[in-house]
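The residues making up each chain are set out below.
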Amino acid sequence: METFETERLILRGWRLEDLEDLYEYAKNREAGIMQGWKPHSDREESLDALNSFIKGGEAWAIVLKDIQKVIGHIKLYPDENRGKYYAKYISYALSSDYWGKGYMTEAVKRIIGYAFEEMKIDLLTAFHYPHNIRSKRVIEKCGFQYEVMVKQGQTIYDGHIFDTVCYSISKEYYFTKIQNIS
């Protein structure tokens, strides 16, 4: 797995020694609800998630350089709803202790560059729940363009169904509008 550095962050593969940092932010109810996943009730749940990150690839730990602490994660998934396009979708989560500091925007911009310039994808999508305004701001700051509101688009861990808002960046848009301003 590739490792990337930004001004304040290191994006790298997950390690077993990241368990405590993952558990620290994954147990937070507020962070989990914003992403639609169940807050982890114990380290065992975090270990299961950590092992899937390690095994699955394309999931980076977001490490704050100055303190060498994992503060979140960012992941690329295949987007198989796009027909002829080689498409991925991006998801991310950040410890609520670090919200509002621009870290996620910094990480997402770096992964966008990787997806288009090195993976050579055609399209990158991102989703957020309508109530997750922080995620919406990250998506918009990173240059994604609004596509559609998917009514009743996702069922979360507790059975609640939410609308999802879909955005995307095409390869053409990235190389003509975003690449040189990021």
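Read on for an overview of the structure. (Residues numbered from 1 in each chain as written. Predicted model: local features only at pLDDT ≥ 70, side-chain atom pairs only at ≥ 80, totals over all residues. Heavy atoms only, no water.)

**A look at the overall build of the protein chain**
Put simply, the rule is: Counting from the N terminus, the helices are DSSP H or I runs at least four residues long and the strands are E runs at least two residues long. Throughout, radius of gyration means the C-alpha value; the globule benchmark is 2.2 Å times the number of residues raised to the power 0.38. Note on exposure labels: buried denotes an accessible area under 20% of the residue type's maximum, exposed denotes more than 50%, and partly exposed covers the range between, all computed with a 1.4 Å probe on protein chains only. For this analysis, residues touch if any pair of their heavy atoms sits within 4.5 Å. Only four residue types enter the tally: Lys and Arg on the positive side, Asp and Glu on the negative side, with His and both chain ends excluded. A single reference atom marks each charge: NZ on Lys, CZ on Arg, CG on Asp, CD on Glu.
Across its full length, the protein chain carries 6 helices and 8 strands. Traced from its N-terminal end to its C-terminal end, the protein chain shows the element sequence β-β-α-α-α-β-β-β-α-β-α-β-β-α. For 182 residues, the compact-globule formula gives about 16 Å, and the C-alpha radius of gyration of the protein chain, at 16 Å, lands near that figure. Reported as C-alpha extents along the three principal axes, the dimensions of the protein chain are approximately 45 × 35 × 30 Å. Across the 182 residues of the protein chain, 48% fall into the buried class. Taking all contacts inside the protein chain whose residues are at least 6 apart in sequence as the whole, residues at least 24 apart take part in 62%. Each charge class in the protein chain can be summarised by its mean position, and for the 25 positive and 27 negative side chains these summaries are 4 Å apart.

**Looking at the side chain of lysine 75**
Its location among the elements puts lysine 75 in strand S4 (residues 69-78). Here lysine 75 is in contact with Gly57, Glu58, Ala59, Tyr89, Ile90 and Ser91, once residues within four sequence places are set aside.

**Quick word on the packing of helix H4 (residues 103-117) against helix H6 (residues 171-178)**
The criterion, for reference: Orientation is described by lines fitted to C-alpha atoms, with helices fitted over the stretch in contact, and by angles between N-to-C directions that extend from 0 to 180 degrees. Put simply, angles under 35 degrees are roughly parallel, angles over 145 are roughly antiparallel, angles from 65 to 115 are roughly perpendicular, and the rest are oblique. Here a crossing is called left-handed whenever its near helix is offset anticlockwise from the far helix by less than a right angle, and right-handed whenever the offset is clockwise. Residues are grouped as follows: Ala, Val, Leu, Ile, Met, Phe, Trp, Tyr, Cys and Pro are nonpolar; Asp, Glu, Lys and Arg are charged; all remaining types, including Gly, are polar.
Viewed as axis vectors pointing N to C, H4 and H6 meet at an angle of 120°, and their least axial separation amounts to 10 Å. Between H4 and H6, the angle is such that the two are oblique. Between H4 and H6 the crossing geometry is left-handed. Contacts from Ile112, Gly113, Phe116 and Glu117 in H4 reach Lys171, Tyr174 and Phe175 in H6. Of the residues that constitute the contact of H4 with H6, the class distribution is 4 nonpolar, 1 polar and 2 charged.

**A closer look at unusual backbone geometry**
Look at glutamine 68: it is not a glycine, yet its phi comes out positive at around 55°. Following the sequence through the fold, glutamine 68 ends up in the loop between strand S3 (59-64) and S4. A residue is classified by how much of its surface remains accessible, and glutamine 68, at 54% relative accessible area, is exposed. In this structure, lysine 120 takes a positive phi of about 60° despite not being glycine. Tracing the backbone shows lysine 120 in the loop between H4 and strand S6 (123-128).

**A short note on the environment of tyrosine 23**
Here tyrosine 23 is to be found in helix H1 (residues 19-26). When its relative accessible area of 11% is taken as the criterion, tyrosine 23 is described as buried. Taking the C-alpha atoms as reference, tyrosine 23 lies 22 Å from asparagine 132; in sequence the two are 109 residues apart. Among residues more than four places away in sequence, those in contact with tyrosine 23 are His40, Ser41, Asp42, Arg43 and Ser46.

**Observations regarding H4**
Our working rule: An expected span of 1.5 Å times one less than the residue number is assigned to each helix.
With 15 residues, H4 should cover 21 Å at 1.5 Å per step; its first-to-last C-alpha distance of 21 Å lies within 8% of that length. With respect to burial, H4 is a largely interior element, 12 of its 15 residues being buried. Taken residue by residue, H4 has Tyr103, Met104, Thr105, Glu106, Ala107, Val108, Ile111, Ile112, Gly113, Tyr114, Ala115 and Phe116 as its buried positions.

**A look at the packing of aromatic side chains**
Rules: Centres within 6.5 Å make a pair out of two Phe, Tyr or Trp rings, where for Trp the six-membered ring is used; the pair is then stacked when the planes are under 30 degrees apart, edge-to-face when over 60, and tilted otherwise. Both a distance and an angle decide whether a charge sits over a ring: NZ of Lys or CZ of Arg must be within 6 Å of the ring centre and within 35 degrees of the ring normal.
Across all of its chains, the model carries 10 aromatic pairs by this definition. Judged by centre distance (4.9 Å) and plane angle (55°), the ring pair of phenylalanine 4 and tyrosine 114 falls under tilted. Note that phenylalanine 4 is positioned in strand S1 (residues 4-5) and tyrosine 114 in helix H4, a separation of 110 residues in sequence. Both residues of the pair, phenylalanine 4 and tyrosine 114, count as buried. Geometrically, the ring pair formed by tyrosine 174 and phenylalanine 175 is edge-to-face, given 5.0 Å between the ring centres and 80° between the ring planes. Overall, tyrosine 174 belongs to the buried group, its relative accessible area being 4%. Ring pairing ties together the aromatic residues Phe4, Trp60 and Tyr114, which thus form one cluster. If you follow lysine 75 out to its NZ or CZ, it ends over the ring of tyrosine 77, 4.8 Å from the centre.

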